[in-house]
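Each chain, letter by letter, is given below.
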Amino acid sequence: MSDDFAIVTEGLTRRFGQLTAVNRVALRIPRGRIYGFLGPNGSGKSTTIRMLCGLLTPSEGEAVVLGLKVPGEAEALKRKIGYMTQRFSLYEDLTVLENLQFIAEIFCLPRARRRGRIEELMEGFHLTELRRQWAGTLSGGQKQRLALAAAILHEPQLLFLDEPTSAVDPQSRRDFWERLFELADNGTTLLVSTHYMDEAERCHGLAILDRGVVVADGTPATLEAGINAWVVEVESERARVARNAIAPLPGVFSVTQLGARLRVLLEREIDEPQGYIQAALDQAHTPATSRLTSAGLEDVFVAATQGRYRGGSA
Amino acid sequence: MSCITRLLAVVRKEVRQLARDRLTFGMIVGIPMLQIMLFGFAINTDVRHLDTAVVDQAGSQLSATLIADAEASQVVHVVRTARDSTELQERMRRGEIAVGIVIPADFERRLQQNDRSAAQLIVDGADPLILGAAQKLTQMELQQDSTLQQGDGAPLFELYNPYNPERRSAVYIVPGLIGVILTMTMVLFTAVAIVRERERGNLELLINTPVRNIELMVGKIIPYIIIGLLQVSLILLLGRFLFQVPIVGAIGDVYLATLLFIAANLTLGLVISTLAASQFQAMQMTFFFFLPSILLSGFMFPFDGMPQAAQYIAEVLPLTHFVRIIRGIMLRGADLLELLGDIQALALFTTLTLTIAVLRFHKRLD
Ligand SMILES: Nc1ncnc2c1ncn2[C@@H]1O[C@H](COP(=O)(O)OP(=O)(O)OP(=O)(O)O)[C@@H](O)[C@H]1O
Ligand SMILES: [Mg+2]
């Protein structure tokens, strides 16, 4: 049963003094998939990943990763997992090639395979030209490619990527995700933490974390369908005025401006959301059009981090 | 599964990083050079040429001879004469002179009587080194005295000082200096070794690999052992050619003893490395250890002169044992077997600290 899952946790909790950084997190992450952790700063993404790697001891709860209990059996796990840390953690005063050689040796790759594997990765990650450059002098995107290459060098079954694409341009980000899908196709399970909606949308499944708690989880589609709120989009020449008219309304819990458009989230209890908003706009003599629309992942994120995702229905 | 590749990987990585770290590299060569120059040239416990004033109330030929003899001993250097002993003390208070010689008017009669000392020596005894030097002078006076009575110049007693006949302090200091320099550099290098990885974020990656504690620790030590041996060779060469410091015992014994001492310091550095939260803290802890090592080990002050409690503390410090061993080998030609007790103490210290370091280091972040 638990063989179908790469990661199973139950009541996973980690406290730092008074602060509960991760609070009773239960996860079931299937094998061969890309699973996302979406959450604001300080929501406990890194802490959860560290516990799953066996680097931090949970205060409470259990975690089984690839059939091994952590932190108890963490040493046996090290060979099977790869971990790309949030902060660049390769040696800045070693060259690209030296870093990769070091990792290959540390993982005791057979001598015969070491060279080929490093060549293959440098080729695939466009690092061949940079092989003699110190890692510390690489650009953000180059560092990130090197870090990923190092993390998968020993062909792990499970890969943890902690905010791998911060400080990377959109094109590089697309390329990067291409590689992640390739890895998933070859059977690797990936756990990726991110703050980016577009990245979260690419995941097979994801959990939204807020202050250490999983406030929503599922596939992007089920999350969007399951939102416990109305989404009304307002278009107006005078968006700021429109915003001021809408924001104080009872039942409105979020207004986000996107240029000339506003995205308004309302509680489900309101019967006629579009009419409700339009009436308020007319009353404020603000020329605007409004329409009811379906929720996107960002709406789910906003609702969930305000405690409105399961608030009414669950 | 053990894997020698992994150990070698750590060693190679350390060496590469070390070769690129100019400051550390400078320290490896710079500290021994600086220290040996300082201790060899500048610091000299053999006090000479103390500024001296003389009150010669006798004004005879014999009193002139006494003053000339005192100057010939090189301990004193007569810079002026004074009217009376009051002026002498006045000048001493003002710091103009360190020694005053008073030769009374009845100097020659006193010499004959032999029950009272003939002349008076006034010394600024606040500095024990000066006091010690002045005491040598009183011995000289005694010899003068006997010369006068016996007439054949046979001294009362002869000082026998076979190990450092010229009383050159460099000969005595350089062997101990090997220990001081190694303590300074070796502990510091390894003390920052793991802390640095933590500060730079490398540790989070490293502890997520199959590398074992012992491989990491030993791998980090090996390059520094070689560096330590290079430093020793440098000190021995400088000592030999600048100060003619002899090596009476076997050179192989010197290196073996040093090897053990290097290991003791490196493993201690590793322990500090697992305790400190930052490189700065590691440096503070190193200094905290370094100070008693220098003061209590017998390198600076004679071990036997220290109070019992200080001696107990000193016995825990590796430098104390090493100073005994290395002086034994280099100055007295002792072999390792004769110094077994101190060698065992060093070996015990090394084993203990390495064990603590390996046990203390967890592949965790908390
Ligand atoms: N070692 C620690 N000691 C004390 N508090 C900690 C420690 N590590 C994390 N925390 C706290 O735990 C909370 C969660 O931190 P964590 O790094 O897991 O957040 P995150 O979701 O990864 O945030 P970010 O997106 O900024 O990386 C934060 O409030 C943080 O201050
Ligand atoms: Mg984080």
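Residues numbered from 1 in each chain as written. Chains lettered and ligands numbered in written order. Predicted model: local features only at pLDDT ≥ 70, side-chain atom pairs only at ≥ 80, totals over all residues. Heavy atoms only, no water.

Considering the domain arrangement of chain A
- Domain parsing of chain A yields domain 1 (5-223) and domain 2 (228-294).
- Each of domain 1 of chain A and domain 2 of chain A was reduced to a C-alpha centroid, and the two centroids are 39 Å apart. (Domains from an automatic or database assignment.)

Describing the pattern of salt bridges
- One pass over the full model with this rule turns up 36 salt bridges over all chains.
- We note a salt bridge from Asp198(A) to Arg173(A), for which the minimum N-O separation is 2.7 Å. Of the two residues, Asp198(A) sits in helix H7 (residues 197-202) while Arg173(A) sits in helix H6 (residues 170-185), which places them 25 residues apart along the sequence.
- By relative accessible area, Asp198(A) is classed as partly exposed at 35%.
- Lys13(B) is the partner of Glu197(B) in a salt bridge, and the nearest nitrogen-oxygen pair spans 2.4 Å. Taken together, the residues Glu197(B) in helix H7 (residues 169-200) and Lys13(B) in helix H1 (residues 4-20) connect sequence positions 184 residues apart. One exposure class covers both Glu197(B) and Lys13(B), and it is buried.
- One continuous salt-bridge network, built from bridges that share partners, spans Glu233(A), Arg261(A), Arg263(A), Arg291(A) and Asp299(A). (Salt bridge = Lys/Arg side-chain N within 4 Å of Asp/Glu carboxyl O. Helix = DSSP H or I, 4+ residues; strand = E, 2+ residues; numbered from the N terminus. Buried < 20%, exposed > 50% of the residue type's maximum accessible area, 1.4 Å probe, protein only.)

Digging into the confidence of the model for chain A
- With 98% of its residues at a pLDDT of 70 or more, chain A has an overall mean of 92.
- Confidence, expressed as mean pLDDT per element, reaches its minimum in chain A at helix H11 (residues 297-305) of chain A with 91 and its maximum at strand S7 (residues 158-162) of chain A with 97. (pLDDT = per-residue confidence, 0-100.)

Comments concerning the nonpolar core
- By size, the foremost hydrophobic cluster in this structure holds 146 residues, and its most contacted members are Phe160(A) and Leu180(A).
- The element contributing the most residues to this core is H7(B), with 15 residues.
- In contact with Phe160(A), other than residues within four places in its own chain, are Ile7(A), Ile49(A), Leu52(A), Cys53(A), Ile81(A), Gly82(A), Tyr83(A), Met84(A) and Leu191(A).
- Counting residues in hydrophobic clusters, the runner-up holds 21 residues, among them Val215(A), Val231(A), Leu297(A) and Phe301(A). (Core = buried A, V, L, I, M, F, W, Y, C linked by side-chain atoms within 4.5 Å. Contact = heavy atoms within 4.5 Å.)

A few points about the coordination of the magnesium ion (ligand 2)
All names here are of chain A.
- Around the magnesium ion (ligand 2), the protein contributes the donor atoms Ser46 (OG) and Gln86 (OE1), which lie 1.9 to 2.1 Å from the metal centre. Taken together, the residues Ser46 in helix H1 (residues 45-53) and Gln86 in the loop between strand S6 (81-84) and helix H3 (96-106) connect sequence positions 40 residues apart.
- The class for Gln86 is partly exposed, based on a relative accessible area of 39%. (Donors = N, O, S within 2.8 Å, 3.2 Å for Na, K, Ca; no water.)

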